[in-house]
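Close look at the chain arrangement
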Amino acid sequence: MHLMVNARVAATPDIAACTAWLDALPPLVGMNTLMPARCVKCLDEGNEGITGILVISTSHAAFHWWSAESDESGRLSFCLYSCMAFRSKAVLMHIDSLWSPFDGRAKLIDRAWKITEEKEWTFGNSWTDTSGTSTLPL
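Residues numbered from 1 in each chain as written. Predicted model: local features only at pLDDT ≥ 70, side-chain atom pairs only at ≥ 80, totals over all residues. Heavy atoms only, no water.

**Side note on the environment of Cys-83**
Tracing the chain through its elements places Cys-83 in the loop between strand S5 (75-82) and helix H3 (88-99). The class for Cys-83 is exposed, based on a relative accessible area of 64%. Residues Cys-83 and Thr-58 lie 25 residues apart in sequence; the distance between their C-alpha atoms is 5.6 Å. (Helix = DSSP H or I, 4+ residues; strand = E, 2+ residues; numbered from the N terminus. Buried < 20%, exposed > 50% of the residue type's maximum accessible area, 1.4 Å probe, protein only.)

In structure tokens:
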């Protein structure tokens with residue numbers, strides 16, 4: 001399963017908050033941490049912000065958040081990939097808990113041998129299923 005999120009967010013977290021947020025993710029989706037979260041400041045012109053990664057027993061989670069100094073101020077790009085099924089709705093609510101999105105889109109793709117199913121959400125006041133008939137777990 002591969003959950004990808006692109007959102008506009010109100011939060012302006014620091015590295016400590018981002019690290020704690022990533023470290024809190026594995027228990028929410030029934031996974032174990034293999035390497036604790038590592039978050040760093042990115043100072044590349046136009047991409048200033050924070051990048052983080054977390055290695056889990058079945059793969060990884062990663063994000064980049066663009067700070068006010070960047071060309072994409074207030075944007076969050078996040079993904080969680082795992083060979084194990086997980087509750088994507090729990091991940092979306094976890095994103096809400098730190099980032100306070102006000103606009104965004106999420107897509108869940110089943111990356112099994114035969115990639116056939118996907119589910120999408122958009123963010124208004126909350127995450128809304130826009131994919132229709134998908135049977136993937138929430």
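**Focus on the side chain of Ser-59**
The residue Ser-59 is located in strand S4 (residues 59-66) in this model. A polar contact is formed between the side chain of Ser-59 and the side chain of His-60, at a distance of 3.1 Å. If we ignore the near neighbours within four places in the chain, the residues touching Ser-59 are Leu-54, Tyr-81 and Ser-82. (Polar contact = N/O pair within 3.5 Å; in protein donor to acceptor, adjacent residues only side chain to side chain. Contact = heavy atoms within 4.5 Å.)

**Some remarks on helix H1 (residues 15-23)**
For H1, the set of buried residues is Cys-18, Thr-19, Trp-21 and Leu-22. For H1, the angular spread of buried residues about the axis comes to 160°, placing them on one side. Buried residues along H1 sit against helix H2 (25-28), strand S2 (33-42), strand S3 (49-56), S4, S5 and H3. Backbone nitrogen of Ala-16 and a side-chain oxygen of the N-cap are separated by 3.3 Å at the start of H1; the cap is Asp-14. (Arc of directions from axis to C-beta.)

**Focus on the pairing of S5**
Consecutive side chains along a regular strand alternate between the two faces of the sheet. Among the eight residues in S5, six count as buried, and that is most of the element. Taken together, the seven bridges between strand S1 (residues 2-9) and S5 define a ladder with antiparallel strand orientation. Within S5, the residue paired with Val-5 across the bridge is Phe-78. Looking at chain direction, S4 and S5 are connected through seven bridges and run antiparallel. Directly across from His-64, in S5, lies its bridge partner Ser-77. (Pairing = 2+ DSSP bridges.)

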